[in-house]
Amino acid sequence: MLKPRALSDVLSQANTGGIGSTLLLNSEGSLLAFSGFGDKDASAAGAIASNIWTSFQKSGQLSLDDSKLDCVLVECKLGKIAITKVANLLLCLCSSENVSFGMLKTKITAMSTYLEEPLSQIASS
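Conventions used here
- Residues numbered from 1 in each chain as written.
- Predicted model: local features only at pLDDT ≥ 70, side-chain atom pairs only at ≥ 80, totals over all residues.
- Heavy atoms only, no water.
- Core = buried A, V, L, I, M, F, W, Y, C linked by side-chain atoms within 4.5 Å.
- Buried < 20%, exposed > 50% of the residue type's maximum accessible area, 1.4 Å probe, protein only.
- Helix = DSSP H or I, 4+ residues; strand = E, 2+ residues; numbered from the N terminus.
- Contact = heavy atoms within 4.5 Å.
- Pairing = 2+ DSSP bridges.
- Axes fitted to C-alpha atoms, helices over the stretch in contact; angles between N-to-C directions.

### Points about the nonpolar core
- Of all hydrophobic cores here, the largest spans 19 residues; its most connected members are Leu11, Leu24, Leu91 and Leu115.
- Contributions of two or more residues to this core are made by helix H1 (4-12), strand S1 (19-25), strand S4 (80-86), strand S5 (89-95) and helix H3 (101-124).
- Here this core gets 5 residues from one element, more than from any other, and that element is H3.
- Filtering out sequence-adjacent residues up to four positions away, Leu91 remains in contact with Leu11, Thr22, Leu23, Leu24, Ala82, Ile83, Thr84, Val86, Ile108, Met111, Ser112 and Leu115.
- Ranked by size, the runner-up nonpolar core spans 14 residues in total, among them Leu23, Trp53, Ile83 and Leu90.

This is the structure in structure tokens:
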């Protein structure tokens, strides 16, 4: 059984170097775990991230004939976000505008690799 506090501690490890928050969401955008600042905005950010992921995934399937979306990187007015799939969940990193896309991609890839096995075990049980 995965402990919620342990999951939040793992997510908080990504919150360095300009990364302000890390979110774990289900496919509908409901917040399952969160670590970072501004938790009152976390639910809204999760819903938006899920919507972005779903839109890009559907576009890829239709226009590119490819359903293997790996990562979405988005530059917003107030910062950047990265979204990727881990098991059957979505992982989202929110950063300030001065974090490079390379660093954001590296952090979300490392975090998703680390979480893939434990979250897959929970999803299958």
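### Re the environment of Val99
- Relative to the helices and strands, Val99 is located in the loop between S5 and H3.
- On the accessibility criterion, Val99 (4% relative accessible area) is buried.
- Val99 sits 18 residues away from Ile81 along the chain, and the two C-alpha atoms are 9.9 Å apart.
- Setting aside its immediate chain neighbours within four residues, Val99 contacts Gly17, Gly18, Ile19, Lys80 and Leu104.

### What about the pairing of S5?
- Most of S5 is tucked away: 7 of the 7 residues are buried.
- In S5, alternate side chains face the same way, and those of Leu89, Leu91, Leu93 and Ser95 on one face and Leu90, Cys92 and Cys94 on the other are all buried.
- As defined by bridge partners, S1 adjoins S5 across 6 bridges and the pair is classed as antiparallel. Note that in S5 the partner of Leu25 across the bridge is Leu90.
- Where S4 and S5 come together, 7 bridges link them in antiparallel fashion. Its bridge partner being in S5, Ile83 is matched across the sheet by Cys92.
- In this antiparallel pair of consecutive strands, S4 and S5, the connection spans 2 residues, and Ala87 shows a positive phi of 55°.

### Looking at the environment of Phe37
- As for its placement among the helices and strands, Phe37 is situated in the loop between strand S2 (31-36) and helix H2 (42-63).
- Expressed as a C-alpha distance, the spacing of Phe37 and Ile19, which sit 18 residues apart in the sequence, is 9.8 Å.

### Comments concerning the sheet that holds S2
- The strand order S2-S1-S5-S4-S3 describes an open sheet built from 5 strands, whose pairing is antiparallel. The two strands at the open ends of the sheet, each matched to only one other strand, are S2 and strand S3 (71-75). Adjacent strand axes in the sheet meet at a mean angle of 15° when their direction is disregarded.
- Of the strands in this sheet, S1, S2 and S5 touch H1, which is tilted by about 50° from S2.

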